[in-house]
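Coordinate inspection notes
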Number of protein chains: 2
Amino acid sequence: MSRSRMKLGAFLMAGGHHIAAWRHPDAYAQAGSDIDHFIALAQIAERGKFDMIFIEDAAAIRERDPELASQAARSTAFEPLSLLAAIAVNTSHVGLVATASTSYTEPYGLARSFAALDQLSGGRAGWNLVTSASELEAENFAASGLRSHSQRYERAEEFADAALALWDGVEDGAYLLSNGEAFADRSRLHPVHRHGKHFSVDGILESPRSPQGRPIMVQAGASDVGKDLAARTADVVFTASQTKAEAQAYYADVRARLGKYGRGHGDLKVMPGISPIIGATEEEAKAKYRALQDLIPDAVGVALLASYLSIEDLSAYPLDGPLPEMPPTNLIQSRQQLIIDLGKREGLSIRELARHFAGARGHWQVVGTPIQIADAMEERFADGAADGFNVMAPLFPSGLEDFVTLVVPELQRRGIFREEYEGTTLRTNLGVAQPGKS
Amino acid sequence: MSRSRMKLGAFLMAGGHHIAAWRHPDAYAQAGSDIDHFIALAQIAERGKFDMIFIEDAAAIRERDPELASQAARSTAFEPLSLLAAIAVNTSHVGLVATASTSYTEPYGLARSFAALDQLSGGRAGWNLVTSASELEAENFAASGLRSHSQRYERAEEFADAALALWDGVEDGAYLLSNGEAFADRSRLHPVHRHGKHFSVDGILESPRSPQGRPIMVQAGASDVGKDLAARTADVVFTASQTKAEAQAYYADVRARLGKYGRGHGDLKVMPGISPIIGATEEEAKAKYRALQDLIPDAVGVALLASYLSIEDLSAYPLDGPLPEMPPTNLIQSRQQLIIDLGKREGLSIRELARHFAGARGHWQVVGTPIQIADAMEERFADGAADGFNVMAPLFPSGLEDFVTLVVPELQRRGIFREEYEGTTLRTNLGVAQPGKS
Ligand SMILES: Cc1cc2nc3c(=O)[nH]c(=O)nc-3n(C[C@H](O)[C@H](O)[C@H](O)COP(=O)(O)O)c2cc1C
Ligand SMILES: Cc1cc2nc3c(=O)[nH]c(=O)nc-3n(C[C@H](O)[C@H](O)[C@H](O)COP(=O)(O)O)c2cc1C
């Protein structure tokens with residue numbers, strides 16, 4: 001039963017997830033700064049019984065180069081927690097996952113903001129914990145520059161533990177919320193006392209315990225230390241895998257790590273990204289795909305590829321030649337490997353790799369009819385490559401609308417996706433255990 | 001004209017602003033964690049044509065002593081920016097002012113969150129800048145403890161300048177938001193490069209310029225350095241004054257500081273707090289007041305008085321004797337002075353002072369009919385003590401509802417308060433100039 005139904009997340013991103021979405025003739029140009037647009041998208045996802053919507057984040061502009069910055073797709077003008085608070089009061093069941101970094105905030109502040117979102121959504125909040133690999137973010141906050149990968153994760157570990165302790169420091173019923181003689185039952189409050197290398201927290205949250213216990217923890221680490229942090233603390237992991245074999249390898253790897261933290265396989269849902277390009281016929285889908293791919297300027301594709309590879313620049317190398325040999329860096333290690341492997345395996349040129357990765361930003365792309373897309377999803381779900389998917393519609397709202405109208409009913413017909421929400425909290429719908437409940 | 005109409009803010013605080021509100025038989029016990037309650041209050045304020053609602057804040061529990069913590073009134077379980085984002089999408093005209101501290105966050109992060117609120121509310125955001133005088137907050141963030149008053153303000157000055165520079169770094173039209181060839185017009189983006197003692201910021205915001213230019217700056221500094229920061233950067237100042245003479249002195253003082261920063265009197269609105277206890281007759285109002293005051297436990301009143309005075313404990317002194325002599329501290333200096341002065345002037349005992357200040361938390365209390373309350377407000381408004389008021393209804397929703405139904409129409413009849421909103425941005429309604437517009 002727990003294995004029989006997949007989980008679905010909807011990746012929301014202004015005009016669409018495709019890198020050139022904003023340049024498409026159907027694109028809604030004001031998408032990124034129109035709150036009603038985002039509310040409408042969340043309501044579509046909720047109509048489709050999605051477990052959650054997901055907002056990515058970076059506390060910076062996305063590109064240093066003015067040329068690229070003005071040609072690449074953008075996300076949103078809204079900081080994710082504010083955006084999701086506005087969406088929370090216009091939805092009732094869909095989970096609300098905000099990305100937030102452990103590198104430029106403090107555990108008490110962040111735990112408190114997520115507790116607020118969790119409270120005002122009736123238990124639907126989730127935190128996608130990231131360590132922020134971008135130098136542009138570092139420059140907005142620290143004179144000392146971007147921390148190394150291992151320093152970032154060391155900080156993330158301590159941050160996550162402090163946040164979890166803060167949420168768990170307030171038991172059910174600790175704040176009485178009744179017209180009694182006292183406001184708090186001190187025996188149910190467990191002040192946190194943590195004095196670590198990066199943070200010092202002595203206190204308790206003033207929010208009642210969430211209806212789902214505490215926010216859902218999401219993570220997308222691809223490095224060893226990232227996967228370990230996920231295995232130890234996350235309820236959901238996002239991942240970008242191209243082939244089924246890659247997805248299976250990631251799936252097996254992350255699950256194999258659960259045991260050493262005393263957790264079982266059901267405790268962690270692995271949700272790779274899928275970029276579905278849906279057509280009534282295969283030909284229509286392919287034409288849609290081509291129309292989007294043709295909008296990617298080579299400069300944007302190659303620059304994105306360079307950034308995925310964590311190297312300064314690829315422009316010294318011929319566009320139609322192979323990738324140069326590269327040393328490992330301290331940045332996003334595994335995405336780098338994935339690209340290098342694909343290039344070697346399929347003999348792709350820089351231009352081809354650039355197009356291939358840029359469109360769906362490194363995620364699995366499936367181009368076809370609703371049946372073909374459901375087939376592809378079912379196959380990976382059945383074959384131990386995924387517990388569900390993070391659906392990255394290339395264009396909004398049409399791509400999400402099509403998925404909900406055409407693909408979701410097909411998944412339901414096959415009995416591998418819910419017909420109705422199991423409950424009103426994200427935790428209940430995901431089917432992961434509630435901490436502090438027996 | 002600019003002088004002829006007062007500005008009104010509504011202080012929203014869970015069950016009510018009165019310290020014992022939550023213990024009142026009419027209190028709504030779940031108020032602090034019910035988002036619908038807050039949305040309803042904001043809608044009442046908007047019906048009353050209030051310029052803004054205001055959410056206070058502290059990133060900590062409010063009392064260290066378990067006895068007091070469980071007997072004093074509480075605010076809300078919601079972090080203010082999340083709360084106001086949820087309210088923004090359920091209102092259309094009322095301004096949304098969130099308190100946020102310069103002591104435990106970074107300018108880029110905060111500027112970005114306020115830009116999001118400003119964007120999603122269509123230009124209605126305001127930031128009440130505080131430096132956080134509470135040790136309980138310091139303990140949640142820093143091993144080194146509470147910074148001194150002067151260190152806090154030094155940090156606040158640098159923080160405010162960086163936030164203002166970030167907002168002003170994006171001109172109107174910098175982000176094109178149209179299906180063109182480019183997403184940004186670089187000539188309208190002015191990256192911030194600030195390397196100060198406390199912060200380092202090299203970057204720009206990814207939000208389009210707000211319809212009101214940038215968020216409204218609110219401040220409540222009472223010390224010299226606090227009033228100077230307000231005179232230099234704020235559009236609105238909140239203040240707590242008991243007597244008309246005190247209010248006039250504060251008003252004159254703050255306005256006198258504007259000139260040295262090249263600003264005029266119209267650039268800053270001074271809004272003292274008022275706690276109105278409204279009855280159909282004076283007797284009814286007095287009975288309402290007594291019913292609330294009688295709910296204040298002596299221990300809570302005296303502890304609050306001690307905290308206002310920034311001293312550890314008053315329990316060593318006889319409740320019916322006068323305040324002891326006290327040295328100045330580095331904490332909230334002027335509130336301390338105000339209490340000491342009142343005690344001496346009126347010969348009040350510790351118990352009497354405690355009750356007097358605890359009820360409305362040090363603010364001006366007016367107990368009477370709607371006419372009497374309008375008279376009192378008009379007098380201070382006309383006599384150079386206020387440009388408007390921050391209305392602190394003792395109980396919610398009834399206290400705010402009564403104010404809107406009974407007092408607002410009386411103010412309108414006298415021509416000293418608007419009948420309709422002047423516009424849809426907070427800046428337009430306040431009538432303060434828009435930066436970056438000529
Ligand atoms: C679906 C998905 C979404 C992600 N979203 C973000 C994001 O919003 N912000 C961010 O800084 N990183 C994001 N990442 C990057 C990851 O957090 C992580 O840094 C990356 O996968 C590399 O992992 P590693 O640091 O363990 O090598 C995302 C990754 C994936 C797969
Ligand atoms: C109406 C009003 C509201 C205030 N709200 C807050 C608040 O929410 N959080 C906070 O830390 N301080 C708050 N304060 C305190 C002021 O920010 C400020 O610290 C205090 O007035 C002392 O000023 P000073 O530090 O310049 O002496 C408030 C003050 C007033 C008058």
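Residues numbered from 1 in each chain as written. Chains lettered and ligands numbered in written order. Predicted model: local features only at pLDDT ≥ 70, side-chain atom pairs only at ≥ 80, totals over all residues. Heavy atoms only, no water.

1. Side note on the overall build of chain A
When helices and strands are tallied, chain A shows 15 helices and 11 strands. Overall, the C-alpha framework of chain A stretches about 75 × 55 × 45 Å when taken along its three principal axes. Counting every position in chain A, which comprises 438 residues, the buried fraction comes to 63%. Considering only residue pairs separated by 6 or more positions, chain A has 78% of its internal contacts joining residues 24 or more positions apart. Across chain A, the mean location of the 43 positive side-chain charges is 3 Å away from that of the 56 negative side-chain charges. (Helix = DSSP H or I, 4+ residues; strand = E, 2+ residues; numbered from the N terminus. Buried < 20%, exposed > 50% of the residue type's maximum accessible area, 1.4 Å probe, protein only. Contact = heavy atoms within 4.5 Å. Lys, Arg positive; Asp, Glu negative; His and termini not counted. Charge placed at Lys NZ, Arg CZ, Asp CG, Glu CD.)

2. Description of the site of ligand 2
Residues and elements named next belong to chain B. Neighbouring ligand 2 are 20 residues, the closest being Asp57, Tyr153, Ala220, Ala222 and Ser223. Contact distances for ligand 2 include 2.6 Å between an oxygen atom and a backbone N or O atom of alanine 220. Residue serine 223 places a side-chain N or O atom 2.6 Å away from an oxygen atom belonging to ligand 2. When isolated, ligand 2 has an accessible area of 620 Å², and the protein chains bury 88% of it. Secondary structure elements with two or more residues in the shell around ligand 2: β4 (125-130), α6 (149-168) and β8 (236-239). When the residues that make up the shell around ligand 2 are grouped by side-chain class, the tally is 8 nonpolar, 10 polar and 2 charged. (Near = heavy atom within 4 Å. Polar contact = N/O pair within 3.5 Å; in protein donor to acceptor, adjacent residues only side chain to side chain. Areas by Shrake-Rupley, 256 points an atom, 1.4 Å probe, with all protein chains shown as cover. Nonpolar A, V, L, I, M, F, W, Y, C, P; charged D, E, K, R; others polar.)

3. A few points about the UniProt feature "binding site: FMN" (unreviewed entry) in chain A
Residue and element names in this part refer to chain A. When the UniProt feature table is mapped onto this chain, "binding site: FMN" (unreviewed entry) is found at Asp57, Thr99, His149, Tyr153 and Ser223. With respect to the secondary-structure elements, histidine 149 resides in helix α6 (residues 149-168). Along the chain, tyrosine 153 turns up in helix α6. (UniProt positions renumbered as here; feature names shortened; annotations may be inferred.)

4. A word on the side chain of threonine 131 of chain B
All names here are of chain B. Relative to the assigned elements, threonine 131 resides in the loop between β4 and α5 (135-141). Using a relative accessible area of 8% as the deciding quantity, one classes threonine 131 as buried. Here arginine 152 takes part through its side chain, which lies 3.1 Å from a polar atom of the side chain of threonine 131. Those residues in contact with threonine 131 that lie beyond four places of it in its chain are Ser101, Thr102, Ser103, Arg152, Tyr153 and Ala156.

5. Observations regarding the interface of chain B and chain A
Contact residues are listed per partner, giving 68 residues for chain B and 68 residues for chain A. Between chain B and chain A the total buried area reaches about 5,700 Å² when both faces are included, carbon and sulfur atoms providing 55% of it. Summed over the shared surface of chain B and chain A, the number is 2 salt bridges. We note a salt bridge from arginine 112 of chain A to aspartate 57 of chain B, for which the minimum N-O separation is 2.4 Å. The interface formed by chain B and chain A contains 9 residue pairs in polar contact (both at pLDDT 80 or more). Mapped by element, the contributors of at least two residues to the side of chain B that touches chain A are α1 (35-47), α2 (66-69), α3 (80-88), α4 (107-120), α5 and β6 (200-203) of chain B. In terms of residues, the side of chain B that touches chain A owes the most to one element, α4 of chain B, which gives 7 residues. The residue inventory of the side of chain B that touches chain A, partitioned by class, reads 36 nonpolar, 18 polar and 14 charged. (Buried area = accessible area lost by both parts, 1.4 Å probe. Salt bridge = Lys/Arg side-chain N within 4 Å of Asp/Glu carboxyl O.)

6. Structural notes on the nonpolar core
Core analysis: the biggest nonpolar cluster contains 206 residues, and Leu8, Phe50 and Phe403 of chain A together with Leu8, Phe50 and Phe403 of chain B have the highest contact counts within it. If we ignore the near neighbours within four places in the chain, the residues touching phenylalanine 403 of chain A are Leu8, Phe50, Pro276, Ile278, Ile373, Met377, Val391, Val408 and Leu411 of chain A. Grouped together as the second largest cluster of nonpolar side chains are 24 residues, Leu304, Leu348, Ile350 and Ala354 of chain B included. (Core = buried A, V, L, I, M, F, W, Y, C linked by side-chain atoms within 4.5 Å.)

7. Notes on the relation of the copies chain B and chain A
Mapping chain B onto chain A calls for a rotation angle of 180° and an axial translation of 0.0 Å; the resulting RMSD is 0.0 Å. Viewed as a symmetry operation, the transformation between the two copies matches a two-fold axis. Closest to the rotation axis within chain B is the C-alpha of alanine 86 of chain B, separated from it by 2.1 Å. Comparing contact sets, 100% of the residues at the interface of chain B also lie at the interface in chain A, consistent with an isologous, same-surface contact. (Least-squares fit on C-alpha atoms with pLDDT ≥ 70 in both.)

8. Structural notes on the site of ligand 1
Residues and elements named next belong to chain A. Taken together, 20 residues surround ligand 1, and among them Asp57, Tyr153, Ala220, Ala222 and Ser223 come closest. Within the backbone of aspartate 57, a nitrogen or oxygen atom sits 2.7 Å from an oxygen atom of ligand 1. Note that an oxygen atom of ligand 1 is positioned 3.1 Å from one of the side-chain N or O atoms of histidine 149. Its free accessible area being 620 Å², ligand 1 has 88% of it covered by the protein chains.

9. A few points about the packing of helix α13 (residues 370-382) of chain B against helix α14 (residues 398-413) of chain B
The relative placement of two packed helices is expressed as an angle between their axes plus a distance between the axes. Residue and element names in this part refer to chain B. Orientation of α13 relative to α14, taken along the N-to-C sense of each, is 50°, at an axis distance of 9 Å. Taken together, the axes of α13 and α14 are oblique relative to one another. Pair α13 / α14 crosses with right-handed handedness. Here Pro370, Ile371, Ile373, Ala374 and Met377 of α13 lie close against α14, whose contacting residues are Phe403, Leu406, Val407, Glu410 and Leu411. In terms of residue class, the contact of α13 with α14 is made up of 9 nonpolar, no polar and 1 charged. (Axes fitted to C-alpha atoms, helices over the stretch in contact; angles between N-to-C directions. Parallel < 35°, antiparallel > 145°, perpendicular 65-115°, else oblique. Left-handed = near helix turned anticlockwise from the far one by under 90°.)

10. Quick look at the packing of helix α3 (residues 80-88) of chain A against α4 of chain B
Two elements in contact, α3 of chain A and α4 of chain B, have axes whose closest approach is 8 Å; the angle formed by their N-to-C orientations is 35°. Residues Pro80, Ser82, Leu83 and Ala86 of chain A of α3 of chain A touch α4 of chain B, and the partners they reach there are Arg112, Ser113, Ala116 and Leu120 of chain B. Split by residue class, the contact of α3 of chain A with α4 of chain B holds 5 nonpolar, 2 polar and 1 charged.

11. Notes on unusual backbone geometry
Here phenylalanine 396 of chain A and proline 397 of chain A are connected by a cis peptide whose omega angle stands at -5°. Along the chain, the position of proline 397 of chain A falls in the loop between β11 (388-391) and α14 (398-413). Of note in this structure, arginine 361 of chain A is not a glycine but carries a positive phi near 55°. By secondary structure assignment, the location of arginine 361 of chain A is in the loop between α12 (350-359) and β10 (364-368). Relative accessible area serves as the criterion here: at 12%, arginine 361 of chain A is assigned to the buried category. Within the chain, lysine 49 of chain B stands out as a residue other than glycine whose phi angle is a positive 60°. Assignment of secondary structure puts lysine 49 of chain B in the loop between α1 and β2 (52-55).

12. Structural notes on helix α13 (residues 370-382) of chain A
Residues and elements named next belong to chain A. Taking 1.5 Å of rise per residue, the 13 residues of α13 would be expected to cover 18 Å, and the 18 Å separating its terminal C-alpha atoms lies within 8% of that figure. The complete set of buried residues in α13 reads Pro370, Ile373, Ala374, Ala376, Met377, Arg380 and Phe381. Seen along its axis, α13 keeps its buried residues to an arc of 160°; they face one direction. Where α13 is buried, its residues touch β1 (7-12), α8 (244-256), β9 (269-278), β10, β11 and α14. Directly after α13, the chain includes glycine 384, whose backbone phi takes a positive value near 70°. (Expected span 1.5 Å × (residues − 1). Arc of directions from axis to C-beta.)

13. What to know about the pattern of salt bridges
Residue and element names in this part refer to chain B. Applying the stated criterion to the full structure yields 60 salt bridges over all chains. Note that aspartate 298 is salt-bridged to arginine 351, the shortest N-O span being 2.7 Å. You can see aspartate 298 sitting in helix α10 (residues 298-308) and its partner arginine 351 sitting in helix α12 (residues 350-360), a full 53 residues away along the chain. The class for aspartate 298 is partly exposed, based on a relative accessible area of 28%. Exposure remark for arginine 351: the relative accessible area of 27% places this residue in the partly exposed category.

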